[in-house]
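Analysis of the macromolecular model
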Amino acid sequence: MELLAPAGNKEKLEVAYHYGADAAYIGGALFNLRHQSKNTTTEELAEAANLAKSLGKKMYLTLNAFLHEDDTENLKSYLKEIKHIGLDAYIVSDLGSLAIVKEVIPDAEIHISTQASVTNSYSCKMYESLGASRIILARECSLDEIKKIRDNTSLELETFVHGAVCMAYSGRCMLSNTLNDRDANKGDCSQVCRWNFKTYIEEKTRPGEMMEVETDGNYTTILSAKDLRMAEYIHLLQGAGINSIKIEGRMKSVYYVAGVVRVYRKLLDTLNDVGIDNFEEAIRKEPVINYLEELDTISRRESDTGFYFEDKKDIKSTDKGYLKGRRLMGMIADDVDKDSGYSKINVYNTIKKGDKLIYIGRDFLNYTDENFELFTKDDEGNFYQVDQIRQIDNAYIKSSVHNFSKYDILTVEE
């Protein structure tokens, strides 16, 4: 199975590939459902596509917003601007978008978004007749349904395995439009379902007697769905005929991308090594179980398995707010001087001397370090030790417990 990772920008794309993704999906400047994720310019998109090719990876562009009539000419112009880039596939949900992509780029690979709500093989066949090569199945499909769909289509099948879940059917929510005049289906969702509500109910025979609904802290999260987590069950997805497993999170941090991707990479490699029948036993042993536990160090909501299993085929709301994990402090940049021990950091949050840093990387689980040293570098190349570093361009770190490599992540416990 392909491991497909989110990339909200070029930096996250690089991180996703480094930590083991086979492919990544990324939004361009227009017509994707994550306007807030600092999407890539045409120039950045071309650079990202070249990077993917150089690494033998794939990159898919999300064009999964729903079009209104005034959008059609803009989409044609945008596609003409980017068609030279040579993207591996275009993810669409709107039939008009599909038609326009095929009109402007006839040989384009088309993936049908989960937003299109494909839940049966007849839909697969119809999309195939229109030129699609892959279906990203609706989140509402169970494993049993996926098996039946696989028996009746030769198209590639993709499905989500990890990350946030929308409370509306296949993401078709109107709350954001209604309350904020922001169109969720054109990429501007204000995440109303994640708000904390005061909710009241009135019983028919007791008019005027309003009873407050509370779940925690005098509010309810009744509209906020639990996150999806299928890490322990990817062997069942492979057995059902899934070709690609997808991680949600283009708006999440580089730590989220690195941490989640490397866990699923470890699980997929284990599955490939031991096979479907031995997977459940293998993930209960070290080191795989230690990687699984790392998922709980990443900020998240409560999680479950969504619609995959028939005996609990529904979306449940969270009983708690956002669960904090480790905080992203920095990531090692290009400038790693193995001889001197100075490693340059992209700083995301202030790092102070004496912090208990936890490092994660592609080839190791984690290291804890309280005795690191922090430095800045002047224009002449001289290093000066400091007690803290903020978001500056000349921040460096030295550690006695770990030799850093590019893309190693620095975190602290919340």
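Source: prediction; values computed, not measured.

**Considering the overall build of the protein**
Looking only at helices and strands, one finds eleven helices and 22 strands in the protein. Taking all 414 residues of the protein together, the buried fraction comes to 51%. Across the protein, every contact between residues at least 6 apart in sequence was considered, and the portion connecting residues at least 24 apart equals 66%. Of the accessible surface of the protein, which amounts to about 19,100 Å², a share of 45% is contributed by carbon and sulfur atoms.

**Some points on the packing of aromatic side chains**
Under the counting rule described, the total for this entry stands at six aromatic pairs. Residues Tyr 342 and Phe 383 carry aromatic rings whose centres are separated by 3.7 Å and whose planes lie at 0° to one another, so their mutual orientation is stacked. Of this pair, Tyr 342 sits in the loop between strand S13 (326-336) and strand S14 (343-347) while Phe 383 is found in strand S19 (residues 383-386), placing the two residues 41 residues apart along the sequence. When its relative accessible area of 16% is taken as the criterion, Tyr 342 is described as buried. For Phe 383, a relative accessible area of 27% gives the class partly exposed. With a centroid separation of 5.0 Å and an interplanar angle of 90°, the aromatic rings of Phe 383 and Tyr 396 are classed as edge-to-face. Here the residue Phe 383 occupies a position in strand S19, and Tyr 396 occupies one in strand S21 (residues 395-398), the gap between them amounting to 13 residues. Judged by relative accessible area, Tyr 396 falls into the buried class, the value being 4%. Cluster of aromatic residues (ring-pair linked, three or more members): Tyr 342, Phe 375, Phe 383 and Tyr 396.

**Comments concerning a nonpolar patch on the surface**
A surface patch of nonpolar side chains, about 290 Å² in accessible area, is lined by Leu 95, Met 126 and Leu 130. Under the relative-accessibility criterion, Leu 130 is labelled partly exposed at 38%.

**A look at unusual backbone geometry**
Looking along the chain, the bond that leaves Glu 286 and enters Pro 287 is cis, with omega of 0°. Take Pro 287: it is sitting in the loop between helix H10 (279-282) and helix H11 (288-294). If you check the backbone angles, Ser 117 has positive phi at about 60° while not being a glycine. Along the chain, Ser 117 falls in the loop between strand S5 (110-112) and helix H5 (121-129). Residue Ser 117 is classed as buried on the basis of its relative accessible area, which comes to 18%. At Tyr 407, a residue that is not glycine, the phi angle is positive and equals roughly 80°. Relative accessible area serves as the criterion here: at 12%, Tyr 407 is assigned to the buried category.

**Details of H5**
When H5 is considered as a whole, its buried residues turn out to be Ser 121, Cys 124 and Tyr 127. Taken end-on, H5 shows its buried residues confined to a sector of 120°, consistent with a single buried face. Set apart from the buried face of H5 by more than 90 degrees, the exposed residues are Tyr 122, Met 126 and Ser 129. On its buried side, H5 packs onto helix H4 (95-104), S5, strand S6 (132-136) and helix H6 (143-151). In the segment just after H5, Gly 131 is the residue with positive phi, at about 110°.

**Re the nonpolar core**
Across soluble globular proteins, nonpolar side chains show a tendency to be buried alongside one another. In terms of nonpolar packing, the biggest core is built from 94 residues, with Met 59, Leu 79, Tyr 90, Ile 112, Tyr 264 and Leu 267 touching the most fellow members. The element best represented in this core is helix H9 (residues 254-274), accounting for twelve residues.

**Some details on the packing of helix H1 (residues 10-18) against H9**
The interhelical angle for the contact between H1 and H9, taken along N-to-C directions, is 20°, at an axis separation of 9 Å. Between H1 and H9, the interaxial angle falls into the category roughly parallel. Pair H1 / H9 crosses with right-handed handedness. Contacts from Glu 11, Lys 12, Val 15 and Ala 16 in H1 reach Val 254, Val 257, Ala 258 and Val 261 in H9. Tallied by class, the residues present in the contact of H1 with H9 amount to six nonpolar, no polar and two charged.

**Quick word on the environment of Leu 79**
On the secondary structure map, Leu 79 appears in helix H3 (residues 72-82). For the pair formed by Leu 79 and Ile 100, sequence separation is 21 residues and the distance between their alpha carbons is 8.7 Å. What Leu 79 contacts, discounting residues up to four positions off in sequence, is Leu 63, Tyr 90, Ile 100, Val 101, Val 104 and Ile 105.

**Quick word on the pattern of salt bridges**
Pairing of side chains with opposite charge becomes possible as their charged atoms draw close. Counted by the stated rule, this structure contains 20 salt bridges. A salt bridge links Asp 22 to Arg 265, with the shortest nitrogen-to-oxygen separation between them at 3.2 Å. With a gap of 243 residues between them, Asp 22 in the loop between H1 and strand S2 (23-27) and Arg 265 in helix H9 connect regions that are remote in the sequence. In this structure, the salt-bridge partner of Arg 134 is Glu 156, at a minimum N-O distance of 2.8 Å.

**Overview of the environment of Ile 242**
Structurally, Ile 242 can be placed in the loop between helix H8 (234-240) and strand S11 (244-247). Along the primary structure Ile 242 and Leu 157 are separated by 85 residues, whereas in three dimensions their C-alpha atoms are 5.2 Å apart. The residues touching Ile 242, leaving out its near neighbours within four places in the chain, are Met 1, Leu 137, Ile 146, Leu 157, Thr 159 and Leu 237.

**Notes on the pairing of strand S1 (residues 2-7)**
With six of six residues buried, S1 is to be regarded as a mostly interior element. Neither face of S1 is exposed, since Glu 2, Leu 4 and Pro 6 on one face and Leu 3, Ala 5 and Ala 7 on the opposite face are all buried. Pairing between S1 and S11: three bridges, direction parallel. Paired with Leu 3 across the two strands is Ile 245, which belongs to S11. Direction of pairing for S1 relative to S2: parallel, over a ladder of four bridges. Bridge pairing in S2 links Pro 6 to Tyr 25. For the crossover from S1 across H1 to S2, the handedness is right-handed.

What counts, and where the lines are drawn
- Going along each chain's sequence as written, the residues are numbered from 1 onward.
- Two thresholds apply to this predicted model, a pLDDT of at least 70 for residue-level local features and 80 or more for giving and counting side-chain atom pairs, whereas whole-chain, interface and lining totals are computed over all residues.
- As a rule here, side-chain values come from all non-hydrogen atoms in the structure, and water together with hydrogens is ignored.
- Numbering of helices and strands runs from the N terminus; a helix is a DSSP stretch of H or I covering at least four residues, while a strand is a stretch of E covering at least two.
- Buried means the residue's accessible area, taken with a 1.4 Å probe over protein chains only, is under 20% of the maximum for its type, while exposed means over 50%, and partly exposed covers the values in between.
- By the convention used here, residues are in contact when the closest approach between their heavy atoms is within 4.5 Å.
- Residue exposure ignores everything except the shown protein chains as possible cover, and the areas themselves are Shrake-Rupley values with a 1.4 Å probe.
- Pairs were defined over the aromatic rings of Phe, Tyr and Trp, the Trp ring being its six-membered one, requiring ring centres within 6.5 Å. Orientation was assigned from the angle between planes: stacked under 30 degrees, edge-to-face over 60, tilted for the rest.
- Residues forming no salt bridge and having over 30% relative accessible area are the ones grouped into patches, like charges within 9 Å of each other and nonpolar side chains (Val, Leu, Ile, Met, Phe, Trp, Tyr) within 5 Å.
- One speaks of a salt bridge when a side-chain nitrogen belonging to Lys or Arg is within 4 Å of a carboxyl oxygen belonging to Asp or Glu.
- Arc definition: it is the arc formed by the directions from the helix axis to the C-beta atoms.
- For our purposes a nonpolar core is just a set of buried Ala, Val, Leu, Ile, Met, Phe, Trp, Tyr and Cys residues, chained together by side-chain atoms within 4.5 Å.
- Helix axes are fitted only over the stretch in contact, all axes being lines through C-alpha atoms; the angle between N-to-C directions runs from 0 to 180 degrees.
- Oblique is the label for any angle not under 35 degrees, not over 145, and not in the 65 to 115 range, which are roughly parallel, roughly antiparallel and roughly perpendicular in turn.
- In this scheme, a crossing is called left-handed if the near helix is turned counterclockwise away from the far one by less than a right angle; it is called right-handed if the turn is clockwise.
- Classification convention: Asp, Glu, Lys, Arg as charged; Ala, Val, Leu, Ile, Met, Phe, Trp, Tyr, Cys, Pro as nonpolar; all other residues, Gly among them, as polar.
- One requirement defines pairing of two strands: DSSP has to find at least two bridges between them.
- Crossover handedness is defined here as right-handed if the route from the first strand over the helix to the second strand goes clockwise, with the strands pointing away from the viewer.

Remember, this is a structural readout, not a statement about activity or role.
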